[in-house]
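Coordinate inspection notes
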Amino acid sequence: ETAAPAFKAWLKSSSVRIDLDALASDESGPLPGEQTGELGEHGISQSRYDEGAWRVVVDSAQLAQRDGWTEIRTPHLFAAMIADGSSPAGLFLQQQHLDPTEAKKLVLSVVPARPHLPDAPASMRLGENALLIILRAIQLAKEVGRKRVTEADLFTSFFADGGSVVGEVLHMSGVRFRK
């Protein structure tokens, strides 16, 4: 198992459920064993995140679910990182002269709404790239001696490899970031 039973119970009581058993898999099968091992080693749980970072995880699940997705993709994660514009991601976008609300619309356009399927699972999974970002954030926090991931860790980890499709969309909009 990748999460403590108490954490799983909390998720089941939440309005958005995240399927931690499927966290390290995608629709084509499990991710490489190394990533599955990292999940077990780091123990993905709410206690690993500060309040802001955990809000990003939950909000990204709500965004994905609202638009008919069964997995959290990087655009959902980044849109949740922007939040109301006062987050590290939102402030960065403002410094780049991009309105956070418009940036949210722009990145979410990469994952357009899908019809809600009646037989869709109620739980959410992390897509492969979103999972890599979260694992990178956990590692970053660990490297600087913190036990909890922050929003800044998520933001830094997001752009560690260029920001995936979100980085490309933002780059086309004139946003520049350092790797």
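Residues numbered from 1 in each chain as written. Predicted model: local features only at pLDDT ≥ 70, side-chain atom pairs only at ≥ 80, totals over all residues. Heavy atoms only, no water.

Let's shift gears to the overall build of the protein chain. Within the protein chain one finds nine helices and five strands. Split into buried and exposed, the 179 residues of the protein chain put 50% on the buried side. Element-wise, carbon and sulfur atoms account for 52% of the exposed surface of the protein chain, whose accessible area totals about 9,100 Å². (Helix = DSSP H or I, 4+ residues; strand = E, 2+ residues; numbered from the N terminus. Buried < 20%, exposed > 50% of the residue type's maximum accessible area, 1.4 Å probe, protein only. Areas by Shrake-Rupley, 256 points an atom, 1.4 Å probe, with all protein chains shown as cover.)

Negative phi is the rule for most residues except glycine; trans is the rule for most peptide bonds. One non-glycine residue, Ala 83, lies in positive phi territory at about 50°. With respect to the helices, strands and loops of the structure, Ala 83 is situated in the loop between helix H4 (74–82) and helix H5 (88–95). We note that His 97 has phi near 65°; this positive angle belongs to a residue other than glycine. Mapped onto the elements of the fold, His 97 is located in the loop between H5 and helix H6 (100–108).

A word on H4. In an α-helix there are 3.6 residues to a turn, and that puts residues three or four apart on one side. Buried residues dominate H4, accounting for nine of its nine residues. Every buried residue belonging to H4 is among Thr 74, Pro 75, His 76, Leu 77, Phe 78, Ala 79, Ala 80, Met 81 and Ile 82, and all of these are buried. Positioned one or two residues after H4, Ala 83 has a phi angle of 50°, which is positive.

Summed over all chains, the structure comprises seven salt bridges. Glu 71 is paired through a salt bridge with Arg 73; the nearest N and O atoms lie 3.5 Å apart. By relative accessible area, which is 9% here, Glu 71 ends up buried. Linking Asp 153 and Arg 146 is a salt bridge whose minimum nitrogen-to-oxygen distance equals 2.6 Å. Residue classification places Arg 146 among the partly exposed residues on the basis of a relative accessible area of 33%. (Salt bridge = Lys/Arg side-chain N within 4 Å of Asp/Glu carboxyl O.)

One broad rule of soluble globular proteins: the nonpolar side chains tend to lie buried together. In this structure, Phe 78, Met 81, Leu 93 and Leu 170 are the most contacted members of the largest nonpolar core, which totals 43 residues. Of all elements in the fold, only helix H3 (51–66), H4, H5, H6, strand S5 (123–126), helix H7 (128–143), helix H8 (151–158) and helix H9 (164–172) reach the threshold of two or more residues within this core. Sequence-distant contacts of Leu 93, that is, excluding residues within four places in its chain, are made with Phe 78, Ile 82, Leu 98, Ala 103, Leu 170 and Val 175. (Core = buried A, V, L, I, M, F, W, Y, C linked by side-chain atoms within 4.5 Å. Contact = heavy atoms within 4.5 Å.)

Looking now at the side chain of Thr 150. Turning to its location among the elements, Thr 150 is positioned in the loop between H7 and H8. Setting aside residues up to four positions removed in sequence, Thr 150 forms contacts with Asp 50 and Ala 53.

Attention now moves to the packing of H4 against H8. Relative to each other, H4 and H8 sit at 140°, their axes nearing to 11 Å. The orientation of H4 relative to H8 falls into the category oblique. Crossing hand, H4 versus H8: left-handed. Here Thr 74, Leu 77, Phe 78 and Met 81 of H4 lie close against H8, whose contacting residues are Glu 151, Leu 154, Phe 155 and Phe 158. (Axes fitted to C-alpha atoms, helices over the stretch in contact; angles between N-to-C directions. Parallel < 35°, antiparallel > 145°, perpendicular 65-115°, else oblique. Left-handed = near helix turned anticlockwise from the far one by under 90°.)

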